[in-house]
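Close look at the chain arrangement
Here is how the chains run, residue by residue.
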Amino acid sequence: MMRPSMRQPNQMRPVSMETGVNKWAEGSCLIKMGGTQVLCTASVDLNQPLWKRVQNKTGGWVTAEYSMLPRACGTRKGRDAIMKDHRSAEISRLIGRALRSVVDMDALGRHTITIDCDVIQADGGTRCASITGGFVALMLAVRWLMQNGRISQNPVREHVAAISAGLWNGELVLDLDYDEDCAAELDSNFVVSESGRFVEIQATGEQHPFDAAQISKLMEMAAAGCQKLIDLQKQVLE
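I will try to describe carefully the structure that is included in this document. What you see is a predicted model, and the numbers here were worked out from it, not measured in a lab. (Residues numbered from 1 in each chain as written. Predicted model: local features only at pLDDT ≥ 70, side-chain atom pairs only at ≥ 80, totals over all residues. Heavy atoms only, no water.)

Counting residues in each nonpolar core, the largest one holds 60 residues, and the members touching the most others are Val62, Ile113, Ile115, Phe135 and Leu138. Per-element tally for this core: the top contributor is helix α5 (residues 126–147), with 12 residues. Sequence-distant contacts of isoleucine 115, that is, excluding residues within four places in its chain, are made with Thr41, Ala42, Val62, Thr63, Ala64, Glu65, Leu99, Gly134 and Leu138. (Core = buried A, V, L, I, M, F, W, Y, C linked by side-chain atoms within 4.5 Å. Buried < 20%, exposed > 50% of the residue type's maximum accessible area, 1.4 Å probe, protein only. Helix = DSSP H or I, 4+ residues; strand = E, 2+ residues; numbered from the N terminus. Contact = heavy atoms within 4.5 Å.)

Below, the structure written as C-alpha cells:
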C-alpha cells in the first residue's frame with residue numbers, strides 16, 4: 001500500500017537546516033523534516049551546573065529542554081499544560097543523553113551548554129528532528145567557545161542524528177509522518193552516531209508485538225537515514 005505521502009518505504013521526507021536564525025544564541029538551527037519544524041538554540045553558560053560544582057566534578061555539561069508551542073499541532077495546547085507535560089520532560093532527557101554521548105565533557109571545560117528545542121509545527125518525528133537540529137546548534141556553540149578562547153580543542157567527538165521508523169500497514173517504513181505515526185503497528189526512534197553506532201533505541205509494539213528480524217531491518221534503515229542527516233549537518237556547518 002502506498003504511503004500517505006507517496007514515499008517509498010525507505011524514503012525520508014525533505015529535510016532542511018538553516019543556521020543563524022536566532023540573533024542572541026551562541027548557536028541556532030531551524031530544522032524542517034517534512035511538515036515538522038523545530039527551532040533549536042544553544043546557550044552557553046560560562047560556569048558548570050550547580051550540581052557539578054557542589055560535587056566538585058570536573059568538566060562541563062550539555063543539557064536540553066524540549067517543548068511544543070501552543071499551536072504546533074492540530075488543536076491548541078495551553079501553556080500551563082505544556083509546562084506540566086511529562087512527555088516533554090522525557091524527550092528533553094532523551095535529547096540531552098543523545099548529545100552528551102558524543103561530547104568529551106573534560107574538553108568542554110567548565111561550561112554548560114543548554115539546547116532549547118521548540119517545536120513550531122509538529123507532523124511526526126519531533127524528538128528526532130530536535131536531536132538532529134540540536135546537534136548543529138551545539139556545534140555552533142562549541143565554535144563560539146573556541147573562537148572566544150574559552151576552550152582550546154573541539155570536545156565533540158563525532159556527529160549524531162536521529163530518525164523514526166516503524167511498521168505501517170504491514171510494511172517497514174522510515175521517517176514516519178503524523179498520519180503514519182498514529183496508525184503504526186510498531187513505532188520506534190533511533191539515535192545513531194557518525195560511526196554507525198547506536199546511542200539509543202526506543203521501540204513500542206503495544207498492540208502488535210514485534211520480532212528481532214523486524215528490529216534488525218529497522219536498525220539498518222535508520223542507520224542509513226541518519227547517515228544522510230549527518231551528511232546534511234556537515235554541509236550546513238561548512
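Okay, the sheet that holds strand β5 (residues 112–121) next. Two modes of strand pairing occur in sheets, parallel and antiparallel, and in both the strands are linked by backbone hydrogen bonds. Reading across from one edge, β1-β2-β3-β5-β4 is the order of the 5 strands in this open sheet, with mixed pairing throughout. Because the sheet does not close on itself, it has two edges, and the strands there are β1 (15–19) and β4 (61–68). Pairs of neighbouring strands in the sheet enclose a mean axial angle of 15°, with direction left out of account. Two strands pair when backbone bridges link them, and β4 and β5 are joined in this way by 8 bridges, in the parallel orientation. (Pairing = 2+ DSSP bridges. Axes fitted to C-alpha atoms, helices over the stretch in contact; angles between N-to-C directions.)

In this section: the pairing of strand β3 (residues 36–45). Here 7 bridges tie strand β2 (residues 27–33) to β3, and the two strands are oriented antiparallel to one another. Bridging across to β3, serine 28 finds its partner in threonine 41. Hairpin connection from β2 to β3: 2 residues lie between these consecutive antiparallel strands, with glycine 34 at a positive phi of about 60°. Two elements, β3 and β5, share 9 bridges in a ladder whose sense is antiparallel. The partner of alanine 42 across the bridge, within β5, is isoleucine 115.

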